[in-house]
Structures are given as structure tokens and as C-alpha cells.
Amino acid sequence: MIPNVTQRVLLLGTSHVGKSSCAKALTDLTGVATLSTDTLGRHPGRPWTGVPQPVLEFYQSMSPGAAHWFLQVHHHNMRPVIGHVINSVSVGAGLVMEGAALRPEYLEGWGIPPKSAVCLYADANTLKTRMRENSEYATHAPDMRMAIDAFIQRSLTENDVLAEASARRGLCLLDTTDTDPRSIAGRIAEQVTGG
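Looking at the packing of aromatic side chains
Under the criterion given, the structure shown has 4 aromatic pairs. Ring centres 5.7 Å apart and planes at 70° place the aromatic pair Tyr106 and Trp110 in the edge-to-face group. Accessibility assignment for this pair places Tyr106 and Trp110 in one class, buried. An aromatic cluster of at least three residues, connected via ring pairs, comprises Phe58, Tyr59, Phe70 and Phe151. A cation over an aromatic ring shows up here: Arg132 above the ring of Tyr137, its NZ or CZ 3.9 Å from the ring centre.

Things to note about the pairing of strand 5 (residues 172–175)
The two faces of a sheet get side chains in turn, since along a regular strand they alternate between them. Side-chain alternation along strand 5 places Cys172 and Leu174 on a buried face and Leu173 and Asp175 on a face that remains uncovered. Sheet topology places strand 4 (residues 117–121) next to strand 5; 4 bridges connect them, and they run parallel. Among the inter-strand pairings, Val118 is bridged to a residue of strand 5, identified as Cys172.

Things to note about the environment of Arg168
The residue Arg168 is located in helix 6 (residues 142–168) in this model. Classification of Arg168 as exposed rests on a relative accessible area of 63%. Separated by 64 residues in sequence, Arg168 and Pro104 have C-alpha atoms that sit 9.1 Å apart.

Analysis parameters
Residues numbered from 1 in each chain as written. Predicted model: local features only at pLDDT ≥ 70, side-chain atom pairs only at ≥ 80, totals over all residues. Heavy atoms only, no water. Phe/Tyr/Trp six-rings, centres within 6.5 Å; stacked < 30°, edge-to-face > 60°. Buried < 20%, exposed > 50% of the residue type's maximum accessible area, 1.4 Å probe, protein only. Lys NZ or Arg CZ within 6 Å of the ring centre and 35° of its normal. Helix = DSSP H or I, 4+ residues; strand = E, 2+ residues; numbered from the N terminus. Pairing = 2+ DSSP bridges.

As C-alpha cells, this is what we get:
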């Protein structure tokens, strides 16, 4: 049976935790439209290939704490834009929104009940491996590797922060370490529909 998702569902989590894959699988399962917060505005982004010099310098020059703080400031600045999009969805239309800018502490202000948000997380080694493979880390020069390592560290910090904040607020936490996105999509659909 295909779950009837007629509400706004948010998928939270750090980079490479599987938000996009799970959102696509959830859309395939339910037919509900998906939107990524990346289309609304991006932080400096991933320091992979074709990286502008300012992005490279951002990751090379900031301390891990400053890089994470700057990410949170970006999310704070995105908050009203995301809230506007969420609130513009017609009642009963349904929407799956995924993105790193979705934070547990913003849900109440957006009118999203804890039942309608899921935080995806994975263990640190899995995330590090995914990011190094996706960035083709081994092929890069030392200065680019340094930037990628800084991005990975910031993402691992955010993975822990989001999981802890979600647990405190009673959100569903799903581990994507060794799980197929379709299986997670089924669990998300059951969570938000009460099935």
C-alpha cells in the first residue's frame, strides 16, 4: 500500500547523510513533490572540482569551530526563505523538503510538528568515506585535500549537533549508515502517516 502523505515532511541531516536519495525514494513511493533547500540558497558549498578560489580559501583559513558557526549563521539567514516556501504549500498537497539548512530548532516556527520531521544521520567513518569518494579526494593536490578535510570535519560536527538537537525535540532519528534509501523512505512514510 502506498502511504498517503498529505503534509509537509522535512528530512534533516548533514552533507552526504543520504537526504537527497531518501527524498527521491520517498517521492517514488508516494508521488509527493520534493524540494531541496540547496535550490533556495547555498553555503559556500563542497570544495570538490572547479572550486572558486574564495570557496577554497574559506575552508583553508577557518578554524573548525568558525566554519561550523558560519554554517549555522547561513542556516539562520535561510530560515525565513524556507519558512515562506513551507507555508506556501497548499493544505493537503504534501511536500517533501530536504536539506542541511533544516534545523530542529526552527520547526516550531515553521508550524512543523516533530512527527513530520526526520533527522538522518550516519557514523563518522561512513560519512568521511562517502565524502572522500564523492570528492575524488585521492586525486587532488594537498591544498585541495586540506579544504575537503575541513568540509568533512564541519559536516561531522553538524551530524552530531543535528542528531542531538533532534533527539532533544523528539524527532525521529534514522541511521543511514548501512541502509538502502528505499527502506528508509518506507520507514519515513510510516512515521509521518502514523502507519
